[in-house]
Amino acid sequence: MAYLELNNIYKTYGEGENSTEVLSNINLTMDEGEFVAIVGFTGSGKTTLVNLINGLLQPTSGEVLFKGVPVTDTSHERGVIFQNYSLLPWLTVGQNIYMAVKEAFPKDSKKVLMERVKEYVAMVSLSPAINKRPKELSGGMRQRVAVARALAMNPEMIIMDEPLGALDALTRGNLQDEILNIWSKDKRTALLITNDVDEGIYMADRIIPLKPGPNATLGPEFKINIERPRDKTAMNDNPEYKKTRNAIIEYLMDIGDERKTVSDVEYKLPELTPKSFVA
Amino acid sequence: MEQEMVLKKEKSMSTNFKQILAKLTPSIKKDGIMKSLKNTGITLLSILLFLGLWHMGSKALYNKEADYKIEKALTERGEEAAAAERACIASGDSSCQPNTLPSPSQVWASLKSLVADHHVISADKAAFAEKMAATNEKMIAAGKDPIVYTGRASFIDIVLTSIKTVFAGFLLALLIAVPIGIIIGLSPSLRSAFNWFIQIFKPVSPVVWYLLVFMIVKTLYIGDSSDNAFVISFISVGFCAMWATLVNTAMGVASVDKDYINVAKVLKLGTFQKVFKVILPSSLPLIFTGLRITLSVAWMVLIAIELLAQSQGLGLFVWEEFQNGANDSNAKIIVAMFVIGIIGFLLDRLMLAVQNMVSFNKNEMA
Ligand SMILES: Nc1ncnc2c1ncn2[C@@H]1O[C@H](COP(=O)(O)OP(=O)(O)OP(=O)(O)O)[C@@H](O)[C@H]1O
Ligand SMILES: [Mg+2]
């Protein structure tokens with residue numbers, strides 16, 4: 001039995017005339033302990049796919065099976081790093097993470113939980129900012145808090161929606177290693193959404209492109225047969241790395257061109273009516 | 001020669017020091033002081049201008065009425081009466097003064113007399129309390145109500161009554177509007193169920209609210225001789241003013257950022273936690289905006305309601321002075337007007353400070 005299974009997933013937003021089918025016929029299986037990366041263009045439906053897997057959204061048709069059981073709700077077994085950080089602005093860094101660990105480990109004492117918060121804040125090197133509010137942090141720092149919050153909950157499966165997008169190369173590299181560390185040490189399963197092919201090759205076992213939407217579907221998978229632990233600098237000379245990288249980029253460029261030709265057609269804009277409130 | 005060298009060195013050092021100092025004290029600061037000085041200057045100037053215009057206006061009105069009085073005396077009662085009238089007005093005798101918009105100095109005098117009056121009444125009250133202390137002790141011991149001072153209320157007491165009424169009304173509005181706002185904000189079906197109710201009752205005028213509350217409270221207090229003017233007025237004030245808070249709370253709760261709701265779902269917060277740790281904090285800024293509007297509306301409708309309810313507050317004070325038509329009544333009304341305005345302004349500042357305190361994105365607040 002596969003660990004995670006997506007069978008013939010379709011996802012449509014809206015109803016009637018204004019509906020758009022964002023995802024079409026998505027099929028994916030992941031084994032326990034695997035690290036899969038999905039690369040895709042912006043707006044193709046990556047976040048939608050992530051939300052279907054973590055249980056925030058339900059597919060229009062098809063099913064998501066997690067350890068053989070249909071996903072109908074969110075679960076602490078599946079940790080999520082949101083693309084837009086989603087930190088609560090009225091809480092400090094420490095409080096944001098504390099809220100998460102308190103839910104994940106309800107039986108632990110406050111002291112144990114605080115230790116855990118501090119440990120993960122230190123992991124993303126934000127100890128000096130533990131009492132700051134998200135407003136006072138840079139985008140990259142917020143992203144690191146979001147990473148710490150998800151990992152501190154100790155989920156079995158880590159679902160990451162472009163988690164390192166706003167970071168500089170150096171911090172990015174460090175956090176990549178940190179995530180890989182946790183993944184391999186604790187035998188987690190990981191799904192990474194990214195727009196950086198190199199990041200995918202460095203971290204994942206398989207890379208699967210998501211074709212541009214609407215009606216986005218998964219493309220052919222690319223296996224990364226590079227031994228772990230991988231070394232960033234040495235990897236550049238690895239013929240296997242070069243071959244895989246070129247193949248993926250060529251594929252992405254092809255579907256990118258396809259998208260350009262497709263995008264000549266005129267889109268009909270949905271008719272929006274303003275929401276009415278009690279006012 | 002050597003000395004000169006030292007001097008030179010000192011001089012260069014002092015210029016250096018000045019340069020550093022100039023760098024350390026940013027020019028913005030100097031500009032800031034200049035700017036605030038300028039602003040204060042402009043404010044003072046405008047106040048003076050306002051007082052001047054007021055003075056001239058009241059003078060013109062005064063002259064107009066005085067001329068009319070003399071003219072009338074002349075046509076109705078002849079030369080002699082007109083001369084007497086003119087002399088009477090010029091002498092400042094209160095029996096024949098034109099009764100019009102008072103001048104700033106008259107208002108100021110009125111304020112002073114109101115304060116002096118307060119001291120007199122306070123002394124009176126203290127004396128009364130002392131005199132009655134022994135009797136009252138006996139009455140309380142016997143299980144009867146003590147005798148209380150029922151003399152005239154001073155202006156300060158009146159202002160305090162008004163403030164008390166407004167706060168009681170505000171508290172009532174808060175206790176009703178915030179919980180209901182949260183509940184209807186959480187449920188779209190309740191929201192549509194309540195919608196007609198809110199739309200219909202929101203625009204109802206203070207007078208009608210007063211009448212409605214009066215009908216109900218009068219019956220509830222039936223057989224009870226105690227004064228229920230205060231109760232009626234604060235309930236009416238609360239009902240009039242609560243709508244802004246109700247609507248804003250419902251809106252704040254209903255429009256919580258989707259991302260925060262997603263976080264709550266992924267963390268699997270319980271309903272209670274979700275409401276109190278996510279939904280409420282994120283709608284606090286809107287709730288407080290509503291409360292601020294509520295407080296200012298409460299203060300505004302208070303005057304009319306106190307008048308109707310015969311509650312010993314500023315509203316009744318203004319009305320009684322107007323009815324009374326005594327010589328300094330008009331000046332007292334203007335004093336009350338300024339007091340009402342200034343207290344309203346201070347209440348608004350107070351709410352703004354509280355609002356800024358609870359808001360997590362301070363820089364987005366006005
Ligand atoms: N709640 C929604 N209602 C309607 N349409 C939506 C909704 N959420 C997303 N969409 C649409 O679905 C498409 C895919 O959105 P999605 O956020 O999944 O893309 P993405 O690949 O994550 O993009 P990005 O790279 O910018 O994060 C977009 O065209 C978007 O407009
Ligand atoms: Mg996205």
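Above: the structure in question.
Residues numbered from 1 in each chain as written. Chains lettered and ligands numbered in written order. Predicted model: local features only at pLDDT ≥ 70, side-chain atom pairs only at ≥ 80, totals over all residues. Heavy atoms only, no water.

Caption draft 1: Seen up close, the site of ligand 1. Residues and elements named next belong to chain A. The full set of residues close to ligand 1 is Tyr13, Val22, Phe41, Thr42, Gly43, Ser44, Gly45, Lys46, Thr47, Thr48, Gln83 and Glu162. Here a nitrogen atom of ligand 1 and a side-chain polar atom of tyrosine 13 are 3.4 Å apart. Glutamate 162 is positioned such that a nitrogen or oxygen atom in its side chain is 3.4 Å from an oxygen atom of ligand 1. With the chains in place, 55% of the 640 Å² that ligand 1 exposes on its own is no longer accessible. Considered class by class, the residues forming the shell around ligand 1 number 3 nonpolar, 7 polar and 2 charged. (Near = heavy atom within 4 Å. Polar contact = N/O pair within 3.5 Å; in protein donor to acceptor, adjacent residues only side chain to side chain. Areas by Shrake-Rupley, 256 points an atom, 1.4 Å probe, with all protein chains shown as cover. Nonpolar A, V, L, I, M, F, W, Y, C, P; charged D, E, K, R; others polar.)

Caption draft 2: Looking closely at the interface of chain B and chain A. With 27 residues of chain B at the contact, the number on the chain A side is 23 residues. Summed over both partners, the interface of chain B with chain A buries about 2400 Å², with 67% contributed by carbon and sulfur atoms. Taken together, chain B and chain A are joined by 1 salt bridge. Between Lys268(B) and Asp73(A) there is a salt bridge whose closest N-O contact spans 3.2 Å. Our count for the contact surface shared by chain B and chain A stands at 6 residue pairs in polar contact (both at pLDDT 80 or more). Elements with a contribution of two residues or more to the side of chain B that touches chain A: helix H6 (188-201), helix H8 (229-254), helix H9 (258-267) and helix H10 (271-309) of chain B. When residues in the side of chain B that touches chain A are grouped by element, the largest group, 7 residues, is from H9(B). Here the side of chain B that touches chain A is composed, by residue class, of 12 nonpolar, 8 polar and 7 charged. (Contact = heavy atoms within 4.5 Å. Buried area = accessible area lost by both parts, 1.4 Å probe. Salt bridge = Lys/Arg side-chain N within 4 Å of Asp/Glu carboxyl O. Helix = DSSP H or I, 4+ residues; strand = E, 2+ residues; numbered from the N terminus.)

Caption draft 3: Structural detail: the environment of Asp257(A). In this structure, Asp257(A) sits in helix H8 (residues 239-262). Here the alpha-carbon distance between Asp257(A) and Leu57(A), two residues 200 residues apart in the chain, equals 31 Å.

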